[in-house]
Amino acid sequence: MSNKMLIICYSQSGNTHRVAVEIQRQTQGELCQIYPWQPYPMTYWKLLSQVKKEIYDGYCPRLLPVSCNLQDYDVIFVGTPNWCGTMAPPVAAFLSQNQLSGKNILPFCTHGGGGSGHIEEDIRKICGDAKVCRIFSTIGKGGVHLTQDIGEWLRDNGINC
Ligand SMILES: Cc1cc2nc3c(=O)[nH]c(=O)nc-3n(C[C@H](O)[C@H](O)[C@H](O)COP(=O)(O)O)c2cc1C
């Protein structure tokens, strides 16, 4: 695989961003965060109710422009929190709006105990012509074995750091 790697992620409360930073550290890739135009509510119950509705409706929130050019990368890590079993709507919006055919997508997520849900499958549905690898998932911020766990996942997917 080419060594041009991009790590894109959305993170509401910092956990997924922490994992993204560790992937960046190990791969020396570029890190680029996704931000919705309209920030989500800070109150958990308001956030949950809005997110449930957005997922149910298949709504893609408007995003702030990103600083990276996807055409420059062959390997793209895509990070998201598990929201109601799937990826956060800003990540779905980003994947839907960008041309990713032929890319190697390595999904990763953080969760609150429910694992990766159907995030990998849902990413495959959106990124039809991309090669989507096995998702890396970890609870919360990832714990003390995060560095090692990510290293193994990268090696399993042929990423030589
Ligand atoms: C609206 C919402 C829905 C969530 N749904 C799930 C879920 O279905 N399963 C799960 O394990 N965790 C769920 N969580 C917990 C998050 O996935 C977890 O806290 C994650 O690490 C947050 O990542 P972040 O800090 O990058 O935003 C949910 C959190 C929120 C705010």
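Let us look at the structure shown here. (Residues numbered from 1 in each chain as written. Predicted model: local features only at pLDDT ≥ 70, side-chain atom pairs only at ≥ 80, totals over all residues. Heavy atoms only, no water.)

## Observations regarding the site of the ligand
Alright, step 1. In the region of the ligand, 19 residues are neighbours, and Ser 11, Ser 13, Thr 16, Thr 110 and Gly 114 sit closest.
Alright, step 2. Residue Gly 14 places a main-chain N or O atom 3.0 Å away from an oxygen atom belonging to the ligand.
Alright, step 3. At 2.7 Å, a side-chain N or O of Thr 110 approaches an oxygen atom of the ligand.
Alright, step 4. In isolation the ligand exposes 640 Å². Once the protein is present, 84% of that is buried.
Alright, step 5. Taking a 2 Å distance to the grid points as the criterion, the majority of the atoms of the ligand fall inside the largest pocket.
Alright, step 6. At the level of secondary structure, the elements contributing two or more residues to the shell around the ligand comprise helix 1 (15-27), helix 2 (44-57) and strand 4 (104-111). (Near = heavy atom within 4 Å. Polar contact = N/O pair within 3.5 Å; in protein donor to acceptor, adjacent residues only side chain to side chain. Areas by Shrake-Rupley, 256 points an atom, 1.4 Å probe, with all protein chains shown as cover. 1 Å grid on protein atoms, 1.4 Å probe; cavity = no way out; pocket = protein on both sides within 12 Å on 5 of 7 lines; lining within 4 Å. Sits in = over half its atoms within 2 Å of the grid points. Helix = DSSP H or I, 4+ residues; strand = E, 2+ residues; numbered from the N terminus.)

## Considerations on the layout of surface pockets
Think of a ball as big as a water molecule: rolled over the atoms, this probe shows where empty space is left.
Alright, step 1. Taken as a whole, the largest pocket encloses approximately 440 Å³ of empty space.
Alright, step 2. Taken together, the elements giving at least two residues each to the lining of the largest pocket come down to helix 1, helix 2 and strand 4.
Alright, step 3. Per-class residue counts for the lining of the largest pocket are eight nonpolar, eleven polar and no charged.
Alright, step 4. For the second largest pocket, the calculated volume is near 190 Å³.
Alright, step 5. Mapped onto the lining of the second largest pocket, the elements with two or more residues apiece are helix 2, helix 3 (89-97) and helix 4 (119-126).
Alright, step 6. Of the residues forming the lining of the second largest pocket, the biggest block, three residues, is contributed by helix 3.
Alright, step 7. Taken together, the residues of the lining of the second largest pocket break down into seven nonpolar, four polar and two charged. (Points joined across faces, edges and corners; volume = space filled by probe spheres on them. Nonpolar A, V, L, I, M, F, W, Y, C, P; charged D, E, K, R; others polar.)

## Some remarks on helix 1
Residues three or four positions apart in an α-helix share a direction because the helix packs 3.6 residues into each turn.
Alright, step 1. Counted at 1.5 Å a residue, the expected span for helix 1 with its 13 residues is 18 Å, and the 19 Å between its end C-alpha atoms agrees.
Alright, step 2. Burial in helix 1 covers these residues: Thr 16, Val 19, Ala 20, Glu 22, Ile 23, Gln 26 and Thr 27. For helix 1, the buried positions fall inside an angular range of 160° around the axis, keeping them on one side.
Alright, step 3. Contacts from the buried residues of helix 1 go to strand 1 (5-9), strand 2 (30-33), strand 3 (75-81), strand 4, strand 6 (136-139) and helix 5 (146-156).
Alright, step 4. Two residues or fewer past helix 1, Gln 28 is found with a positive phi of approximately 60°. (Expected span 1.5 Å × (residues − 1). Buried < 20%, exposed > 50% of the residue type's maximum accessible area, 1.4 Å probe, protein only. Arc of directions from axis to C-beta. Contact = heavy atoms within 4.5 Å.)

## A word on a nonpolar patch on the surface
Alright, step 1. On the surface, Tyr 35, Trp 37 and Leu 64 cluster together into a nonpolar patch covering about 310 Å² of accessible area.
Alright, step 2. Considering the arrangement of structural elements, one finds Trp 37 in the loop between strand 2 and helix 2.
Alright, step 3. Assessed through its relative accessible area of 45%, Trp 37 is described here as partly exposed. (Patch = residues over 30% accessible without salt bridge, like charges linked within 9 Å, V, L, I, M, F, W, Y side chains within 5 Å. Salt bridge = Lys/Arg side-chain N within 4 Å of Asp/Glu carboxyl O.)

## Considering the pattern of salt bridges
Alright, step 1. Summed over all chains, the structure comprises six salt bridges.
Alright, step 2. One connected set of salt bridges, linked through shared partners, spans Glu 121, Asp 122 and Lys 125.

## Here we look at unusual backbone geometry
Alright, step 1. The residue Gln 28 is not glycine, and still its phi comes out positive at about 60°.
Alright, step 2. Counting through the fold element by element, Gln 28 comes out in the loop between helix 1 and strand 2.
Alright, step 3. Despite not being glycine, Cys 84 has its phi angle at roughly 55°, a positive value.
Alright, step 4. Residue placement: Cys 84 occurs in the loop between strand 3 and helix 3.
Alright, step 5. Since its relative accessible area comes to 41%, Cys 84 is described here as partly exposed.

Nothing here speaks to function; it is geometry throughout.
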